[in-house]
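Single-letter residue listing:
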Amino acid sequence: MAMAVLATFVCVVASCVTFGDTTRDLDADGVRTVVKNWTGAVLPEGIAVVTAQEYPSRDSSMHAVFDAPSGGLDDFFAQLGERSVRELAPDCRDLAQPVGFSEVPGSVRLLDAAPGSRFERGGSSWQFLVTQAVEQGRLDRCRTVVAVSARPTDPFVDAAVQAGGAGVSRVILSVVYT
């Protein structure tokens, strides 16, 4: 009887290890490799990772926060192909209120879009990404953010970029397979 209980326990533990969600912390090389393998795009050299994790489960995803040379980001996003770009202005009138951003009128652009584009000019998929990043202290609350959405191959790519000083920008990058 004890042997059957032990065998059942071992099977349960093994299945959790095998089938449970795993997280892999990534350094700059790891982020660059995952992005290249999943999207075909190459991140600029010189990124400094603040935090990055890969979730290689059924619905693989990677979420990263890093600082990057501002000049190389346009080239990176251009490699993703069709994308929507929108400028988001912060609402800092009352800092006691929840974090708020709104699209700058006329700032939404569809770049490299084919006829019948997948991206709509409207929509608010950026709100969660930006709001969460500000609430976690990864983006400044009262500074403009540029949100980029793309789908280069299979994964969805969402990014929030906030320009900083000395030619460096903070990037919140999410790459998610659906």
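Residues numbered from 1 in each chain as written. Predicted model: local features only at pLDDT ≥ 70, side-chain atom pairs only at ≥ 80, totals over all residues. Heavy atoms only, no water.

Caption draft 1: Molecular detail of the pairing of strand β9 (residues 168-176). Two strands pair when backbone bridges link them, and strand β3 (residues 61-69) and β9 are joined in this way by 9 bridges, in the antiparallel orientation. The residue of β9 that forms the bridge with Ala 68 is Ser 169. Inspection of the sheet shows strand β8 (residues 156-163) paired to β9 by 8 bridges, in the antiparallel sense. Residue pairing across strands places Phe 156 opposite Val 176, the latter belonging to β9. Between β8 and β9, which follow one another and run antiparallel, lie 4 residues, and Ala 166 among them has a positive phi close to 55°. (Pairing = 2+ DSSP bridges. Helix = DSSP H or I, 4+ residues; strand = E, 2+ residues; numbered from the N terminus.)

Caption draft 2: Inspection of the side chain of Ser 149 at higher detail. The topology assignment puts Ser 149 in strand β7 (residues 145-150). Polar contacts involving the side chain of Ser 149 include one to the side chain of Asp 158, which spans 2.7 Å. (Polar contact = N/O pair within 3.5 Å; in protein donor to acceptor, adjacent residues only side chain to side chain.)

Caption draft 3: Region of the structure containing the packing of aromatic side chains. In the structure shown here, the tally under the stated rule is 2 aromatic pairs. Taking the centre distance of 5.3 Å and the plane angle of 75° together, the rings of Trp 38 and Tyr 177 count as edge-to-face. Of the two residues, Trp 38 is situated in helix α2 (residues 28-39) and Tyr 177 in the segment after β9; the sequence distance between them amounts to 139 residues. When its relative accessible area of 14% is taken as the criterion, Trp 38 is described as buried. Ring centres of Phe 76 and Phe 77 lie 5.1 Å apart, and the angle between their planes is 55°; on these two criteria the pair is classed as tilted. Among the residues examined, Phe 76 registers a relative accessible area of 2% and is labelled buried. Residue placement shows Arg 151 over the ring face of Phe 156; its charged tip is 4.2 Å from the ring centre. (Phe/Tyr/Trp six-rings, centres within 6.5 Å; stacked < 30°, edge-to-face > 60°. Buried < 20%, exposed > 50% of the residue type's maximum accessible area, 1.4 Å probe, protein only. Lys NZ or Arg CZ within 6 Å of the ring centre and 35° of its normal.)

Caption draft 4: Molecular detail of the nonpolar core. Core analysis: the biggest nonpolar cluster contains 26 residues, and Val 31, Met 62, Phe 66, Phe 77 and Leu 173 have the highest contact counts within it. Contributions of two or more residues to this core are made by α2, β3, α3 (70-79), β7, β8 and β9. In contact with Phe 66, other than residues within four places in its own chain, are Val 31, Leu 43, Ile 47, Ala 48, Val 49, Val 50, Ser 169, Arg 170, Val 171 and Leu 173. Of all hydrophobic cores here, the second largest spans 14 residues; its members include Leu 88, Trp 126, Ala 147 and Ala 160. (Core = buried A, V, L, I, M, F, W, Y, C linked by side-chain atoms within 4.5 Å. Contact = heavy atoms within 4.5 Å.)

Caption draft 5: Fine view of α2. Spanning 12 residues, α2 covers 16 Å between terminal C-alpha atoms, matching the ideal 16 Å at 1.5 Å per step. On its buried face, α2 sits against β1 (24-25), β2 (48-55), β3, α3, β8 and β9. Within two residues after α2, Gly 40 carries a phi angle of roughly 85°, on the positive side. (Expected span 1.5 Å × (residues − 1).)

Caption draft 6: Main features of the pairing of β3. Direction of pairing for β2 relative to β3: antiparallel, over a ladder of 7 bridges. Counterpart to Gln 53 in the pairing with β3 is His 63.

Caption draft 7: Representation of the environment of Asp 25. Structurally, the position occupied by Asp 25 is in strand β1. As for Asp 25 and Tyr 55, which are separated by 30 residues in sequence, their C-alpha atoms are 9.0 Å apart. The contact partners of Asp 25, leaving out residues within four places of it in the chain, are Ala 52 and Gln 53.

Caption draft 8: How the structure looks around α3. Taken as a whole, α3 has its buried residues at Gly 72, Leu 73, Phe 76 and Phe 77. The buried residues of α3 occupy an angular sector of 140° when projected down its axis, which confines them to one face. Away from the buried face of α3 by more than 90 degrees, exposed residues Gly 71, Asp 74 and Asp 75 are located. Lining the buried residues of α3 we find α2, β3, β4 (83-90), β7, β8 and β9. (Arc of directions from axis to C-beta.)

Caption draft 9: The arrangement of the state of the cysteines in detail. All told, the structure shown has 1 disulfide when counted by the stated rule. With its sulfur 2.0 Å from that of its partner, Cys 92 forms a disulfide with Cys 142. Disulfide Cys 92-Cys 142: torsion about the S-S bond near -125°, hence left-handed. Here Cys 92, found in the loop between β4 and β5 (101-103), pairs with Cys 142, found in the loop between α4 (126-135) and β7; they are 50 residues apart in sequence, far enough to count as distant. The exposure class of Cys 92 is partly exposed, given its relative accessible area of 28%. Judged by relative accessible area, Cys 142 falls into the partly exposed class, the value being 39%. (Disulfide = S-S within 2.5 Å.)

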